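Residue-level structural notes
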Amino acid sequence: MQKFITENSKDPPWPKPKPYTANIFKRLFRGWNSWLGFLNEWDYRIKLGELNILGLPVFLVNDANLVRRVLIDEVDNFPKHPYTLWILEPLIGRAIFSVNGEEWAFQRRLIDQAFQIANLKRVFPSMSLATESLFKRIKKSNNLSFLNIDKEITLVTADVIIRTILSRELEQEEANNIFQAFSRYQKNAGRVLIFRFLRLPKKFIQSTLNKDALLIRTWIQKIISNRLEEYKHRKERFIPPRDLLDSLIQAKDQKTNKSFSERELIDQVCFLFLAGHETSASSLGMALWLVAFDSRVQNLMREEVDSVVGERGLDEMLGVEDIRKLQYCGAVFNETLRLYPPVTFFIRARSQSNTNFEVDKHKSRCPLGALLTLSPWVIHRHENHWTEPNKFVPERFLGNNFESLRRNIFLPFGLGPRKCPGASFAQQEAILILAEFIRRYNVSQVKAHVPNLIGFLTLRTNNGIYLNLSPRS
Ligand code: HEM
C-alpha cells in the first residue's frame, strides 16, 4: 500500500481499544460511559465479528462486500433494528430515521422533495448569517488563547439549523435550555442499548428519556402550530418557502397524494434538529482540532482559501460558488469524518428468514432477528481498508486516491437508499465555517489539552475542545 508523507508523526488522539475479552459483562461495563469502550483491539482487524449478548446474536460487519450487501443490495432484508425506535421514539416519534417499509418510503419521498425545494443555494444565506454571528461572538471573547471551540461550534451549528428549519435566530436562553436537553437526551439514549441488552422493560427504559424529550417537543410543537395557523389564514397553500419547515409543509407525495400531518411534522423537525445539529457540531469541532494539530494542512487550506478570496475583505463572506472551489478544505472535512465519524455506529436487524454470511469461504449463520452493527468508526480505522488508518491525511480524498470511496468503506453518511439526505447540506456548512476560520485566525493547539472522545448517539468530547486563536495580520 502507498505510504503517505505527513508532517506530524503522531496519530491524532483516539480512545485506544482495549485488549480482547470474551466476557460480555466486562465489555458492557467498559461501554457504560462510551460505547467505544465496548470494542476490543481485535474488532479493528476482523472482517466479521460474532457474539452472543444474553441470548441475542450480534454481528459486527466490517467486510466491504458484506457492508454492501446489508446497506445496498439487500436493504429490505436488513431493516433498521427495532432498538433504533426504542432509543429515539420519545424524542422523534416515528420519524424517518427509525421506521421501515412503506412508512419509511413515504417519509423519504417527502423529505427528499422538501430538501429539493429548500435547496443548498436557498439555505446558504442563513448559514452565512449564522457564521457571521459566530465571528462576532468570538471577537468579543477575551480569552482567544484558550477558547472552548466546542462550545462555539455547538452554538453556530444550532444557529444554522434553527435559521434553516424555522427561520428563527438563536436566542441565548432558548438555545441553552433546548440544546442542553438534546445533549442530555443523547447521553442517556446511548445507555438505553445497554439497558435493553440487560432485558429491562421498554417502559422503564424510555422513562429515562421522557423529560428531556417533552421539553424539546413542546417547544417545537408551539412553533409548528403557529406556522400551520398562519397557513390557515392564507388563501393559497403555496407560498415561496422561507425555510425547511415551509418546504416540509408544502411537500406532497405523488403516490399517495398525502402531505405530513401536524404530528408527523413535529416528529420530522425534532429529528432534523437532532440529525443536523449534533452531527455537524461533532465533526466541525474535531475538524478545527485537526487543523490546529497539523500546520502543514492548515497552510495548504489557507493557500487555497486565500486564492479563492483574492482581494476581498473579511466583511465580504464567502459565497456559495466559492465553497465549491475549496477542494482541499473539502478533503480536510472528509478526512475528519473518516477519523471522527459523528455517527459511530448504526444497527440493522435480519428480517425475513435465516441467512448465511460468507467471508473468505467461511460461512456464519445469521439467524432471523439477529442484530447487525455497522460502525463507520471501526470500518474507517480498519487495517484492511486504509493505509495508516490512524493518521490524518486529507490527500486520501483528492484525485485518484478518492477511489477508496467506491469500495463501501467510507460511510460517515451511511450508504444506499437510507443514506443521509443532509450530506451536502452538512458539507456546505462545514466548508463555509472552516474556511472563514482559516481566513481570520491562525489556529493552534493548547498545550496539555487533548479532547476526550465519548461515543453515544453521536461522537462528542466530555472535556471540550480548547484552541488558541491568533488573528491573522
Ligand atoms: C456531518 C453531518 C452529518 C452526518 C455525519 C450524518 C450522518 C447520517 C447517517 C450515518 C445516517 C444514516 C444512518 C443509517 O443508515 O442508519 C443519516 C441519516 C439521516 N440524516 Fe444525516 N448526517 C449529518 C447531517 C445531517 C443533516 C444536516 C441533516 C438535515 C438537516 C440530516 C438528515 C438526515 C436524515 C433525514 C436521515 C434519515 C434518512 C433515512 O432514514 O432515510 N443529516 N445521517
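Preceding block: the structure.
The text that follows walks through the structure, step by step, so that each part is easy to find.

Analysis parameters
- Residues numbered from 1 in each chain as written.
- Predicted model: local features only at pLDDT ≥ 70, side-chain atom pairs only at ≥ 80, totals over all residues.
- Heavy atoms only, no water.
- Near = heavy atom within 4 Å.
- Polar contact = N/O pair within 3.5 Å; in protein donor to acceptor, adjacent residues only side chain to side chain.
- 1 Å grid on protein atoms, 1.4 Å probe; cavity = no way out; pocket = protein on both sides within 12 Å on 5 of 7 lines; lining within 4 Å.
- Sits in = over half its atoms within 2 Å of the grid points.
- Helix = DSSP H or I, 4+ residues; strand = E, 2+ residues; numbered from the N terminus.
- Nonpolar A, V, L, I, M, F, W, Y, C, P; charged D, E, K, R; others polar.
- Axes fitted to C-alpha atoms, helices over the stretch in contact; angles between N-to-C directions.
- Parallel < 35°, antiparallel > 145°, perpendicular 65-115°, else oblique.
- Contact = heavy atoms within 4.5 Å.
- Core = buried A, V, L, I, M, F, W, Y, C linked by side-chain atoms within 4.5 Å.
- Buried < 20%, exposed > 50% of the residue type's maximum accessible area, 1.4 Å probe, protein only.
- Donors = N, O, S within 2.8 Å, 3.2 Å for Na, K, Ca; no water.
- Points joined across faces, edges and corners; volume = space filled by probe spheres on them.
- Phe/Tyr/Trp six-rings, centres within 6.5 Å; stacked < 30°, edge-to-face > 60°.
- Lys NZ or Arg CZ within 6 Å of the ring centre and 35° of its normal.
- Expected span 1.5 Å × (residues − 1).

**Side note on the site of the ligand**
Around the ligand sit 25 residues, and of these Lys80, Trp104, Arg108, Arg348 and Cys420 come closest. Here Lys80 contributes a side-chain N or O atom positioned 2.8 Å from an oxygen atom of the ligand. The pocket occupied by the ligand, as judged from atoms lying within 2 Å of grid points, is the largest cavity. Mapped onto the shell around the ligand, the elements with two or more residues apiece are helix 4 (101–117), helix 11 (262–293), strand 4 (346–349) and helix 16 (423–440). Partitioning the shell around the ligand into residue classes produces 16 nonpolar, 5 polar and 4 charged.

**A short note on the packing of helix 11 against helix 14 (residues 327–339)**
Closest axis-to-axis distance for the helix 11/helix 14 pair is 9 Å, and the angle between their directions is 110°. Taken together, the axes of helix 11 and helix 14 are roughly perpendicular relative to one another. Contacts between helix 11 and helix 14 involve Ser283, Met286, Ala287, Leu290 and Val291 from the first element and Val332, Phe333, Thr336, Leu337 and Leu339 from the second. Along the lines of polarity and charge, the residues of the contact of helix 11 with helix 14 split into 8 nonpolar, 2 polar and no charged.

**Observations concerning the nonpolar core**
Phe273 and Phe437 are the most contacted members of the largest nonpolar core, which totals 161 residues. Element by element, the count of residues in this core is highest for helix 11, at 18 residues. Once you skip the residues sitting within four places of it in the chain, Phe273 turns out to touch Ile161, Ile162, Ile165, Leu166, Phe179, Phe182, Trp219, Ile220 and Glu278.

**Section: the coordination of the iron atom of the ligand**
You will see that the iron atom of the ligand has only one donor from the protein, Cys420 (SG), lying 2.3 Å away. For Cys420, the location among the structural elements is in the loop between helix 15 (376–379) and helix 16.

**Quick look at empty space enclosed by the protein**
To find leftover empty space, one rolls a probe the size of a water molecule over the atoms. Scanning all chains against the criterion turns up 2 cavities of 30 Å³ or more. One number sums up the size of the largest cavity: a volume of about 970 Å³. Taken together, 45 residues form the lining of the largest cavity, with Phe97, Phe271, Ala275, Thr279 and Val343 sitting closest to its centre. Taken together, the elements giving at least two residues each to the lining of the largest cavity come down to helix 3 (82–92), helix 4, helix 7 (172–197), helix 11, helix 14, strand 4 and helix 16. At 9 residues, the largest contribution of residues to the lining of the largest cavity is made by helix 11. Residues belonging to the lining of the largest cavity are distributed by class as follows: 30 nonpolar, 9 polar and 6 charged.

**Digging into the packing of aromatic side chains**
Using the criterion set out here, one finds 17 aromatic pairs in the structure. Measuring from centroid to centroid gives 5.8 Å for Trp219 and Phe273, while their planes differ by 70°, and the two rings are edge-to-face. Note that Trp219 is positioned in helix 9 (residues 210–232) and Phe273 in helix 11, a separation of 54 residues in sequence. Judged by relative accessible area, which is 14%, Trp219 ranks as buried. Looking at Phe273, the relative accessible area reads 0%, which means it is buried. Members of the aromatic cluster, each reached through a chain of ring pairs, are Trp14, Tyr44 and Trp377. It is Arg381 that lies over the ring of Trp377; its NZ or CZ is 4.6 Å from the centre. The residue whose ring lies beneath Arg440 is Phe135, and the NZ or CZ to ring-centre distance is 4.4 Å.

**Observations concerning helix 9**
With 23 residues, helix 9 should cover 33 Å at 1.5 Å per step; its first-to-last C-alpha distance of 31 Å lies within 8% of that length. Of the residues making up helix 9, those classed as buried are Asp212, Ala213, Ile216, Arg217, Trp219, Ile220, Ile223, Ile224, Arg227, Leu228 and Tyr231.

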